[in-house]
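# Overview (structure and organization)
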Amino acid sequence: MDAFSQGPEEPSAVENHDGDGREWWRDAVMYQVYVRSFADSNGDGVGDLPGVASRLGYIAGLGVDGIWLNPFYKSPQQDGGYDVADYFEVDPLFGTLADFDALLGRAHALGMRVLVDLVPNHTSSHHEWFRAALESPPGSRERDRYIFRSGRGPGGAEPPNNWQSVFGGPAWSKVSDADPQAAGGVPAQWYLHLFAPGQPDLNWECEEVRLYFDEVLRFWLERGVDGFRIDVAHGMIKHEDLPDLDVPEEATGDPDPSGMSGDGHPYWDRDQVHDIYRRWRKILDSYPGERVFLAEAWVKTPARLARYLRPDELHMAFNFDFLKCDWNASDFTRTITSTLSNLAEVGAAPTWVLSNHDVVRHVTRYGGGPAGLSRARAALLLMLALPGSAFVYQGEELGLPEVTDLPEDVLQDPTFVRTEGRVRGRDGCRVPIPWEPSGPGLGFSTGAPWLPQPASWSELSVSQQSREANSTLALYRRACDLRRNHLRPLLAGPDFSWVDAAQGLLAFKRGDDFSCVVNCSDSPAELPAAATAAGPVVLSSASPASSLLPEPAASGANRLIPANSALWFARMPS
Ligand code: NOJ
């Protein structure tokens, strides 16, 4: 049997591949694959699993440890697949279960782990459970799997409370009008959807829901996945009285709805959600290999995030505070310090991330244009020099900016419609990636891509950047290779200490033989001697085209670091 046809029962080629007793996920670099925008194998304009499988060599060549696949399950695609109609099937848009098995086997053969997305807060309204609920009366077992309530006001004509959908508009949809003929009179019935109406929230107080997700976990674990990214991991438990919010949360397009989370919020980050993770952890740990959970939890503070990472709960949780930092040394310093100290208390490693499919790409967030790109390149060196794991979102290795001028008629994010066009939504960070400098889909597809790519992206294509020594792609490859294959003995552990540096700079050491300096200011700055003492420059984020100093600090003569750039200093372990 070759690597491509490895079946689900085959042992994973990645098991114990570290061979050094370290838990792989504590310092892994993972690559996020937004399947519909990665590679299209059948010319329908939408990326798919065979497309991903065909490009796994490219991902492995970046020097990452694995991938996280966004949802590819059967779904009407009302929210990019985060509306799952069947948790045990692949949507025909993306392929088949056999395609998934082939992809998994091939990734493992290349030494990469595979995490899949788990969407437990809500199903699709096309899920068989929700269809059955609609056909069943109030108070039935079928309705108890979701959150149905009578409306307020005369005849229940108003939603049961004032909660707003994250995507805009009320978080409730009405399924029936008042029935005065029924015994006692039945007011209008509504169901809760914190996201789109096509995403009814599940009732996690219902044991049947818990048992069902136990099975979902087992199904994918038995196929051989290495773990799960948990969608809306902070949202599954709702206050039993569903009380009004003092101030209803407005949709702003910001995926962080956690402004008011923490103690007392009726649906975000409630304490009882942790019971679910303790239950799941037991299931996960009953499988061989080091499988992991990764939380998408937008919570108020690093201390609240640390609660998800207690030893009997989840392994990793995205650090969105880092992603939300402006390009500003003091912002970064504060966030890194507080993350490291809070997570150390529970023995967890941080998980750094700069971009994903829900946020404006960081080249653009950091100002766009040449300065935005220089800052994004420097941010990579910052992220990869910190203790913990890191996630790279497809296309950031090409320095892709946000696409801000997509025509309105192609936009698909439900936020655009739900906010009546007030918020454009997240399509701008989901545009298919350019593989080649020419062709209808720039090598992504032979057909028309589901979102149009800007013509300027031909210069950013993978094949173009593979030929340029100073491209962003070359920088990502070099940084991942150094971190994984040369600097690992210095970077894998938790060792970290700040070095005093001028205003606008961040500088830290990882032991005596590695340091990182980031210049967040718009002028060259003097390097702190304590950082340069860690060894010679082994990597610079500044390319000659974007830096003020052609060979930044390499000569050691002027000891300056260019504006908006980062340097790694190291004494390479032999
Ligand atoms: C977070 C996902 O990343 C996002 O894309 C999705 O819209 C929401 N959760 C709802 O599932």
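These numbers were taken from a predicted model, which means no experiment stands behind them.

### Describing the overall build of the protein chain
Counting secondary structure elements, the protein chain contains 17 helices and 20 strands. Here the C-alpha radius of gyration of the protein chain, 24 Å, is about what a compact globule of 574 residues would show, namely 25 Å. Taken over the C-alpha atoms alone, the protein chain extends approximately 90 × 55 × 50 Å along its principal axes. When each of the 574 residues of the protein chain is scored for burial, the buried share is 60%.

### Quick word on the domain arrangement of the protein chain
Under the domain assignment, the protein chain is made up of domain 1 (24-123 + 207-404 + 433-479) and domain 2 (494-570). Between domain 1 and domain 2, the C-alpha centre-to-centre distance is 29 Å. Taken residue by residue, the interface counts 22 residues in domain 1 and 28 residues in domain 2. By the criterion of area lost to domain 2, the three top residues of domain 1 are Trp327, Leu381 and Ala385, representing 25% of everything that side buries. If you look at where domain 1 meets domain 2, you find one salt bridge. We note a salt bridge from Asp522 to Arg375, for which the minimum N-O separation is 2.8 Å. Linking domain 1 with domain 2 are eight residue pairs in polar contact (both at pLDDT 80 or more), by the criterion used here. If you list the elements that add at least two residues to the side of domain 1 that touches domain 2, you get helix H10 (329-345), helix H12 (369-385) and helix H15 (472-486). The element contributing the most residues to the side of domain 1 that touches domain 2 is H12, with eight residues. Residues of the side of domain 1 that touches domain 2, tallied by class, amount to 14 nonpolar, five polar and three charged.

### Things to note about H15
Taking 1.5 Å per residue as the helical rise, H15 with its 15 residues ought to reach 21 Å, and the 20 Å between its terminal C-alpha atoms agrees with that figure. Those residues of H15 that sit buried are Thr472, Leu473, Leu475, Tyr476, Ala479, Cys480, Leu482 and Arg483.

### With respect to the site of the ligand
In the region of the ligand, 14 residues are neighbours, and Asp79, Asp231, His357, Asp358 and Arg426 sit closest. At 3.0 Å, a side-chain N or O of His122 approaches an oxygen atom of the ligand. Within the side chain of His357, one N or O atom sits 2.8 Å away from an oxygen atom of the ligand.

### A few points about the nonpolar core
Counting 152 residues, the largest nonpolar core has Trp280 and Trp568 as the members making the most contacts within it. At nine residues, the largest contribution of residues to this core is made by H12. Setting aside residues no more than four positions away along its own chain, Trp280 makes contact with Leu118, Pro120, Trp204, Phe213, Asp214, Leu217, Ile230, Met236 and Phe293. One finds Ala171, Trp172, Ala188 and Phe195 within the second-largest nonpolar core, a separate group that totals 17 residues.

### Examining the packing of helix H6 (residues 207-223) against helix H7 (residues 273-285)
Helix packing geometry: the angle between the two helix axes and the distance between the axes. Between H6 and H7, the least distance of the axes is 10 Å, while the angle of their chain directions is 35°. Note that H6 runs across H7; the crossing there is right-handed. Across the interface between the two elements, Glu207, Arg210, Leu211, Phe213, Asp214, Leu217, Arg218 and Leu221 from H6 touch Asp275, Ile276, Arg279, Trp280, Ile283 and Leu284 from H7. Here the contact of H6 with H7 is composed, by residue class, of eight nonpolar, no polar and six charged.

### Observations regarding the side chain of Arg377
Looking at where Arg377 falls in the secondary structure, it is placed in helix H12. In this structure, Arg377 is buried with no salt-bridge partner, the nearest side chain bearing the opposite charge being Glu468 at 7.9 Å. There is a polar contact of 3.1 Å between the side chain of Arg377 and the backbone oxygen of Asn470.

### Concerning the sheet that holds strand S2 (residues 66-69)
The strands making up a sheet associate through hydrogen bonds between their backbones, and the pairing can be parallel or antiparallel. With parallel pairing, eight strands are arranged side by side around a closed barrel as S1-S2-S5-S9-S10-S11-S12-S13. Across this sheet, the average inter-strand angle for adjacent strands is 25°, counted without regard to direction. Bridge count between strand S12 (residues 351-353) and strand S13 (residues 389-393): three bridges; the pairing is parallel. Of the residues in S13, the one forming a bridge with Val353 is Phe391. Set on the sheet, H7 makes contact with strand S5 (113-118), strand S9 (227-230) and strand S10 (292-295); between it and S10 the angle comes to about 150°.

### Things to note about the sheet that holds strand S20 (residues 565-570)
Pairing within the open sheet is antiparallel, and its five strands lie in the order S14-S15-S16-S20-S18. The sheet is open, and its two borders are formed by strand S14 (497-498) and strand S18 (537-540), each paired with just one other strand. Two elements, strand S16 (residues 514-519) and S20, share six bridges in a ladder whose sense is antiparallel. By the bridge assignment for S20, Asn519 is matched with Ser565. Taken strand by strand, H10 contacts S14 and strand S15 (505-509), and its axis lies near 35° from that of S15.

### Concerning the packing of helix H3 (residues 97-109) against H6
At their nearest, the axes of H3 and H6 sit 10 Å apart, and the two run at 55° to each other. Judged on the interaxial angle alone, H6 and H3 are oblique. Between H3, through Leu97, Phe100, Asp101 and Leu104, and H6, the contact on the second element is made entirely by Phe219, Trp220 and Arg223. Here the contact of H3 with H6 is built from residues that sort into five nonpolar, no polar and two charged.

### With respect to helix H4 (residues 128-135)
Within H4, the full set of buried residues consists of Trp129, Phe130 and Ala133. Down the axis, H4 shows its buried residues gathered within 95° of arc, on one side only. Among the exposed residues of H4, those pointing more than 90 degrees away from its buried face are Glu128 and Glu135. Looking at the buried side of H4, the elements it contacts are helix H5 (141-144), strand S6 (148-150), strand S8 (189-192) and H6.

Conventions we followed
Residues numbered from 1 in each chain as written. Predicted model: local features only at pLDDT ≥ 70, side-chain atom pairs only at ≥ 80, totals over all residues. Heavy atoms only, no water. Helix = DSSP H or I, 4+ residues; strand = E, 2+ residues; numbered from the N terminus. Rg over C-alpha atoms; globule rule 2.2 N^0.38 Å. Buried < 20%, exposed > 50% of the residue type's maximum accessible area, 1.4 Å probe, protein only. Domains from an automatic or database assignment. Contact = heavy atoms within 4.5 Å. Buried area = accessible area lost by both parts, 1.4 Å probe. Salt bridge = Lys/Arg side-chain N within 4 Å of Asp/Glu carboxyl O. Polar contact = N/O pair within 3.5 Å; in protein donor to acceptor, adjacent residues only side chain to side chain. Nonpolar A, V, L, I, M, F, W, Y, C, P; charged D, E, K, R; others polar. Expected span 1.5 Å × (residues − 1). Near = heavy atom within 4 Å. Core = buried A, V, L, I, M, F, W, Y, C linked by side-chain atoms within 4.5 Å. Axes fitted to C-alpha atoms, helices over the stretch in contact; angles between N-to-C directions. Left-handed = near helix turned anticlockwise from the far one by under 90°. Lys, Arg positive; Asp, Glu negative; His and termini not counted. Pairing = 2+ DSSP bridges. Parallel < 35°, antiparallel > 145°, perpendicular 65-115°, else oblique. Arc of directions from axis to C-beta.

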